[in-house]
Amino acid sequence: MLSATLAGSIFKNCAMVAVSKCLPSINPVFSKIIVKGIKFFKTLKKEKNFIYSLLKPIYTILLIILFRPKVIGKENIPDGGALIFAGNHKHAVDPTMVMMSTKRIVHYMAKEELFRGLHGILFRKIGLIKIHRGKSNPQAVIEAENILNAGGTIGIFPEGTRNKGTEELLKFRHGAVAIAKKTNTLIMPFAIKNKYKIFKRSVVIEFGKPIDVSNMEIEEANDYLRNEVLKLLRNGE
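Residues numbered from 1 in each chain as written. Predicted model: local features only at pLDDT ≥ 70, side-chain atom pairs only at ≥ 80, totals over all residues. Heavy atoms only, no water.

1. Details of the overall build of the chain
For step 1, the next point in the chain: For the chain, the helix and strand inventory stands at 8 helices and 7 strands.
For step 2, the next point in the chain: The buried share of the chain, reckoned over its 237 residues, is 41%.
For step 3, the next point in the chain: For the chain, contacts bridging at least 24 residues in sequence account for 70% of all contacts bridging at least 6. (Helix = DSSP H or I, 4+ residues; strand = E, 2+ residues; numbered from the N terminus. Buried < 20%, exposed > 50% of the residue type's maximum accessible area, 1.4 Å probe, protein only. Contact = heavy atoms within 4.5 Å.)

If you want it as structure tokens, here you go:
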């Protein structure tokens, strides 16, 4: 028995041939139906993008209602090309804050615990990248590099975990700058400031200018990125 994917591929290819030969003589209404059918099978490959785009207005409205966030520096985010979002991490909502602030589709690297149960299926569908904390993650790195090499964007919290202490910023791990150097990708630094307070305008996310670390050594690049995030955190104080 043919799999759904194979059947879809066969249908799409056959339909394209049929349309190219017969379209001029087919009723315009039926022609549109055929063309839409072809486009439908093409969009199946972009299911993660479709679900991401479908959910984004919902969580954006919820964030605005609950936390009334202020977004600064949104104009600094490039409209296209590979990009790594990297900033501080203080709350579970942080990834969503970044996602709502840009038209780009951000594939966040997230801990494996989030991929368990029903919500794990959803996270996979929207394109999150699963990582195992405390272990090497070659598959996750390859997945991230593939996204960047295709001109997409990923999100990383270089601190590696939520900062629940009093320090401004935890020590940065090298993953973000290492991937940036290997793929020759710009990094978009950001800082999430103040506390999340329900129904109060408190939390702020500020984006800096994209930075290029391709010609820096790993340690230099990591320190530079951390300092850029620190500047944003202290901006306005």
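Moving on from the coordinates now.
2. Re the pattern of salt bridges
For step 1, the next point in the chain: In this structure the tally under the stated criterion is 4 salt bridges.
For step 2, the next point in the chain: One salt bridge connects Glu228 with Lys231, and the closest N-O pair in it is separated by 3.2 Å. Placement of the pair is Glu228 and Lys231 together in helix 8 (residues 218-234), with a separation of 3 residues, close to one helical turn. (Salt bridge = Lys/Arg side-chain N within 4 Å of Asp/Glu carboxyl O.)

3. Describing the packing of helix 6 (residues 138-149) against helix 7 (residues 175-183)
For step 1, the next point in the chain: One can describe the packing of helix 6 onto helix 7 by two numbers: an axis separation of 10 Å at closest approach and a directional angle of 45°. As summarised for this structure, helix 6 and helix 7 are arranged oblique, according to the angle between their axes. Regarding helix 6 and helix 7, the two cross each other, and that crossing is right-handed. Residue-level inspection shows Val141, Ala144, Glu145, Leu148 and Asn149 of helix 6 in contact with helix 7, the latter providing Ile179, Lys182 and Thr183.
For step 2, the next point in the chain: Taken together, the residues of the contact of helix 6 with helix 7 break down into 4 nonpolar, 2 polar and 2 charged. (Axes fitted to C-alpha atoms, helices over the stretch in contact; angles between N-to-C directions. Parallel < 35°, antiparallel > 145°, perpendicular 65-115°, else oblique. Left-handed = near helix turned anticlockwise from the far one by under 90°. Nonpolar A, V, L, I, M, F, W, Y, C, P; charged D, E, K, R; others polar.)

4. Describing unusual backbone geometry
For step 1, the next point in the chain: Backbone geometry at Arg68 places phi at a positive 45°, although glycine is not the residue there.
For step 2, the next point in the chain: With respect to the helices and strands, Arg68 occurs in the loop between helix 3 (47-67) and strand 1 (70-72).
For step 3, the next point in the chain: With a relative accessible area of 38%, Arg68 lands in the partly exposed category.
For step 4, the next point in the chain: Not every positive phi belongs to a glycine, and Asn194 is a case in point at roughly 70°.
For step 5, the next point in the chain: Structurally, Asn194 can be placed in the loop between strand 6 (186-193) and strand 7 (204-207).
For step 6, the next point in the chain: Residue class for Asn194 comes out partly exposed when judged on its relative accessible area of 42%.

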